[in-house]
Amino acid sequence: MNLNKYLDVAPEVAQAVAAGKPVVALESTIISHGMPYPQNVETALKVEEIIRENGAIPATIAVINGRLKAGLTKEEIEYLGKKGHEVNKASRRDLAVLVSKGADGATTVTTTMIIAHMAGIKIFATGGIGGVHRGAETTMDISADLEELAHTPVMVVCAGAKSILDLGLTLEYLETHGVPVIGYGTDELPAFYTRKSGFAIDYRLDTPQELAAAFHTSLELGFPAGMLVANPIPEAYSMDAGVINKAIADAVEEAKNTGIHGKETTPFLLAKIKEITKGTSLDANIQLVFNNAKVAAQTACALSALQ
Ligand code: PSU
Ligand code: MN
């Protein structure tokens, strides 16, 4: 396989990877589909800054003109943010077609993991992952993100999962596929906008050094899977559970009634929740991404010290 034929790694990222220095991957679906312009671009640039402040090199990932990109310029981030929903949301099944056509793609957790792994990047920070949707027993809507976590050795730092998903089934699926779910300073799966969900998780680790040691061991054991770190939203920004759960329930109901399905489901629900909560969910979303970027960068530094 000739990766260079398809992959462009930014020089700064390539140098850092070659030298074993800390690098953190970032996704682009959150830019094009997860947040509105201009907050999406502001957030993406600020996240890169936070990663640098914490000692690592950021590598935002996307597909641009059919090229797999690990490390974007400011202009490329601005381009993806402005084009928004016009950019294809690219999961694993989309990648080959988009590349062969020379198209653009906003990478989900799945494709960001794939491209990060090709580029030699081990840690990735995002907001929320896809999972088993509520009602999946009839729709079979299970995000490809879970499958990728089972097969690609990249650590993903997220803020848990939104209750647009069935959190219990999502944890069961990850268990079946051998993906460790780790609470960062918590024994409970955080529910993205709130610190608690009522679901206990496998392990609690309290420092970036412990996270790095666990993932380093997984890599040395030759396990094919990634690792999911669930980092609760900082107390100061967490939302009222009653308010957010009602907004989610209403959004899920509307998606059902209007026949939204497939890859549109997650972006539709995110936009609807933002509308119902008059933007407070967006503020929370931005803050939790910042917090995840910090933990991911610190963990990347600790991992690089082990290697
Ligand atoms: N969940 C969020 N915010 C997001 C996403 C999920 O809270 O932006 C995005 C991520 O890119 C994730 C994708 O990988 O949606 C999952 O989409 P789907 O459910 O269609 O697999
Ligand atoms: Mn889906």
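Bear in mind the structure is a predicted one, so any value in this text is a computation, not a measurement. (Residues numbered from 1 in each chain as written. Chains lettered and ligands numbered in written order. Predicted model: local features only at pLDDT ≥ 70, side-chain atom pairs only at ≥ 80, totals over all residues. Heavy atoms only, no water.)

1. Some words on the packing of helix H10 (residues 208-220) against helix H13 (residues 280-306)
Logical step 1: Between H10 and H13, the shortest axis-to-axis distance is 8 Å and the interhelical angle comes to 55°. The orientation of H10 with respect to H13, classified from their angle, is oblique. Our pair here, H10 against H13, has a crossing hand that is right-handed. Counting all contacts with H10, which are made through Pro208, Gln209, Leu211, Ala212, Ala213, Phe215 and His216, the residues of H13 involved are Val295, Gln298, Thr299, Ala302, Leu303 and Leu306.
Logical step 2: Residue composition of the contact of H10 with H13, grouped by class: nine nonpolar, four polar and no charged. (Axes fitted to C-alpha atoms, helices over the stretch in contact; angles between N-to-C directions. Helix = DSSP H or I, 4+ residues; strand = E, 2+ residues; numbered from the N terminus. Parallel < 35°, antiparallel > 145°, perpendicular 65-115°, else oblique. Left-handed = near helix turned anticlockwise from the far one by under 90°. Contact = heavy atoms within 4.5 Å. Nonpolar A, V, L, I, M, F, W, Y, C, P; charged D, E, K, R; others polar.)

2. Let's talk about the site of ligand 1
Logical step 1: In the neighbourhood of ligand 1, 14 residues make up the surrounding shell, with Glu27, Lys89, Ser143, Asp145 and Lys162 lying closest.
Logical step 2: For ligand 1, an oxygen atom lies 2.8 Å from a polar atom in the backbone of Val109.
Logical step 3: Interatomic distance of 2.7 Å between a side-chain N/O atom of Ser143 and an oxygen atom of ligand 1.
Logical step 4: Here ligand 1, which alone exposes 470 Å², has 93% of that area covered by the protein. (Near = heavy atom within 4 Å. Polar contact = N/O pair within 3.5 Å; in protein donor to acceptor, adjacent residues only side chain to side chain. Areas by Shrake-Rupley, 256 points an atom, 1.4 Å probe, with all protein chains shown as cover.)

3. Structural notes on unusual backbone geometry
Logical step 1: Along the chain, Tyr37 connects to Pro38 via a cis peptide bond; the corresponding omega equals 5°.
Logical step 2: Relative to the helices and strands, Pro38 is located in the loop between helix H2 (29-34) and helix H3 (39-53).
Logical step 3: Despite not being glycine, Met140 shows a phi value in the positive range, around 60°.
Logical step 4: Of note, Met140 is situated in the loop between helix H7 (136-139) and helix H8 (144-151).
Logical step 5: One non-glycine residue with positive phi stands out, namely Phe192, at about 65°.
Logical step 6: Looking at the secondary structure, you find Phe192 in the loop between strand E9 (181-184) and strand E10 (203-205).
Logical step 7: Among the residues examined, Phe192 registers a relative accessible area of 1% and is labelled buried. (Buried < 20%, exposed > 50% of the residue type's maximum accessible area, 1.4 Å probe, protein only.)

4. Description of helix H5 (residues 92-101)
Logical step 1: Looking only at H5, the buried set comprises Asp94, Leu95, Leu98 and Val99. The arc enclosing the buried residues of H5, seen along the axis, measures out at 120°, which places them on a common side. Residues of H5 that are exposed and point over 90 degrees away from its buried face: Arg93, Ala96, Ser100 and Lys101.
Logical step 2: On its buried side, H5 packs onto strand E3 (57-64), strand E4 (67-70), strand E5 (88-90), strand E6 (105-107) and helix H6 (109-119).
Logical step 3: Among the residues trailing H5, Gly102 stands out with phi positive, at a value near 70°. (Arc of directions from axis to C-beta.)

5. Concerning the environment of Glu78
Logical step 1: Along the chain, the position of Glu78 falls in helix H4 (residues 74-83).
Logical step 2: Using a relative accessible area of 28% as the deciding quantity, one classes Glu78 as partly exposed.
Logical step 3: Dropping the residues within four chain positions of it, Glu78 is found in contact with Tyr37 and Val41.
Logical step 4: Among the polar contacts made by the side chain of Glu78, one reaches the side chain of Tyr37 at a distance of 2.8 Å.

6. Some details on the packing of aromatic side chains
Logical step 1: Across all of its chains, the model carries one aromatic pair by this definition.
Logical step 2: With a centroid separation of 4.9 Å and an interplanar angle of 85°, the aromatic rings of Phe192 and Tyr193 are classed as edge-to-face. Both residues of the pair, Phe192 and Tyr193, belong to the buried class. (Phe/Tyr/Trp six-rings, centres within 6.5 Å; stacked < 30°, edge-to-face > 60°.)

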